[in-house]
Every structure is written in C-alpha cells, then in structure tokens.
Amino acid sequence: MNIFFDVDQTILGMDNSLRPGTKETMSSLIDGGHRVHIWSGMGVRKEVVKRHKLGPLISGIYHKPLHDYHQRLEELGVPMTPDFVVDDDPEVVTAFGGVWVPPFYFGGTHDREMDRVYRIAMQFAHKGTSDDDHFRAKGVLKPFS
Ligand SMILES: [Mg+2]
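Residues numbered from 1 in each chain as written. Predicted model: local features only at pLDDT ≥ 70, side-chain atom pairs only at ≥ 80, totals over all residues. Heavy atoms only, no water.

Asker: What is the right way to read the nonpolar core from this model?
Answerer: Membership of the largest hydrophobic core comes to 25 residues, with the highest contact counts inside it found for Phe 5, Ile 11, Met 26, Ile 38, Leu 54, Phe 84 and Val 86. Those elements that place two or more of their residues in this core are strand S1 (2-6), helix H1 (22-31), strand S2 (35-40), helix H2 (46-51), strand S4 (84-87) and helix H4 (113-127). The leading source of residues in this core is H4, at five residues. Among residues more than four places away in sequence, those in contact with Leu 54 are Ile 11, Leu 18, Lys 23, Met 26, Val 48 and Val 49. One finds Tyr 62, Ala 95, Phe 96 and Phe 144 within the second-largest nonpolar core, a separate group that totals 13 residues. (Core = buried A, V, L, I, M, F, W, Y, C linked by side-chain atoms within 4.5 Å. Buried < 20%, exposed > 50% of the residue type's maximum accessible area, 1.4 Å probe, protein only. Helix = DSSP H or I, 4+ residues; strand = E, 2+ residues; numbered from the N terminus. Contact = heavy atoms within 4.5 Å.)

Asker: Would you explain the packing of aromatic side chains in this entry?
Answerer: The way to describe two aromatic rings as a pair is by their centre distance and the angle between their planes. Summed over the entire model, instances satisfying the criterion amount to six aromatic pairs. Each ring, one from Tyr 69 and one from Phe 96, has its centre 6.3 Å from the other, and the planes form 75°; the classification is edge-to-face. With Tyr 69 in the loop between strand S3 (58-63) and S4 and Phe 96 in helix H3 (residues 90-96), this pair connects stretches of sequence that are 27 residues apart. The same class applies to Tyr 69 as to Phe 96, namely buried. What links up through ring pairs into an aromatic cluster is the set Phe 4, Trp 39, Tyr 62, Tyr 69 and Phe 96. (Phe/Tyr/Trp six-rings, centres within 6.5 Å; stacked < 30°, edge-to-face > 60°.)

Asker: Teacher, can you tell me more about the coordination of the magnesium ion here?
Answerer: Tetrahedral coordination by four donors puts the ideal angle at the metal at 109.5 degrees, and octahedral coordination by six puts it at 90 or 180 degrees. For the magnesium ion, the full set of protein donor atoms is Asp 6 (OD), Asp 8 (O) and Asp 88 (OD), and the range of their distances to it is 2.1 to 2.2 Å. For Asp 8, a relative accessible area of 23% corresponds to the partly exposed category. Among the residues examined, Asp 88 registers a relative accessible area of 18% and is labelled buried. (Donors = N, O, S within 2.8 Å, 3.2 Å for Na, K, Ca; no water.)

Asker: Honestly, H4 in this entry has me stumped. Any pointers?
Answerer: An α-helix turns once per 3.6 residues; consequently, residues spaced three or four apart project the same way. Compared with the 21 Å implied by 1.5 Å per residue over 15 residues, the 21 Å span of H4 between its first and last C-alpha is a close match. Burial in H4 covers these residues: Glu 113, Met 114, Val 117, Ile 120, Ala 121 and Met 122. Buried residues along H4 sit in contact with S1, H1, S4, strand S5 (98-100) and strand S6 (135-136). Residue Gly 128 follows H4 closely and has a positive phi angle near 80°. (Expected span 1.5 Å × (residues − 1).)

Below, the structure is given as structure tokens:
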C-alpha cells in the first residue's frame, strides 16, 4: 500500500519533536512491503524530513489538499491516490480511509499511538478492514471517540 502520513500533530509536535515511534513504525511498514509518504496542508515539508532524517524512509513528500480531497490531488502534484492515510484530521481519514490519531502536541510524553497505527495498517493490509475504533474505511462518516 501507499501509506500517507500527515505532518503537524500527526508525526510532528508543536515543539517540532517527532512523535515517539514514528521512525520505527515507518520502518516496519516498509519491511512489510509498503511505501511511506508524507504530506501536509502547509505544503511540501522538506525541512521536517531533513531535520528528523526521515529521507531514507520516505518515498515522496507532497502538498495535501484541505478540501475537495480527491479532485485536487492532480492539481497539487500528488502522483497517486493514497491507499491508507494517517491523520489527526478526521475529514482526511474519511476521504481516503485509514487511521485517525489524537493530535500530538509535545514530546516527552508517553505516547504509543504509532504502535496502534501499525496494528491497524497491518489489519487493513491483510483483511481490508480493522475493528479498531480509530480505523475508518474510505467514505464512512462516523465521529471518533
Ligand atoms: Mg495535522
């Protein structure tokens, strides 16, 4: 699968720290035969990739649409439709299918959300669905608790 990670409050805190487990999760997904991409509504975040040395893990860096998600992919130069997204914005998760993560703000906290992301992505890859509350199938509108 082509798995797209959002940047702000998904993998990156407001203090610019990387969410715990981000690199390990990306590596595990790649080991499982998937490709990892990052995208952001703030633009092409090369500085984040550089600062946190994510380059070897990332297959692409893109500008994420913030509305008309599918229609705007081509305009923004996103070369494929994501198969699975990881985002703190429920609307993006609903648009493409994937996992919603509670917003990450600051490092130094005990945050294991990335382990959950990995489990959900693996379930989805193998079964086409997941029973986890933070999983959403494409197009399924339901509030996250
Ligand atoms: Mg975000």
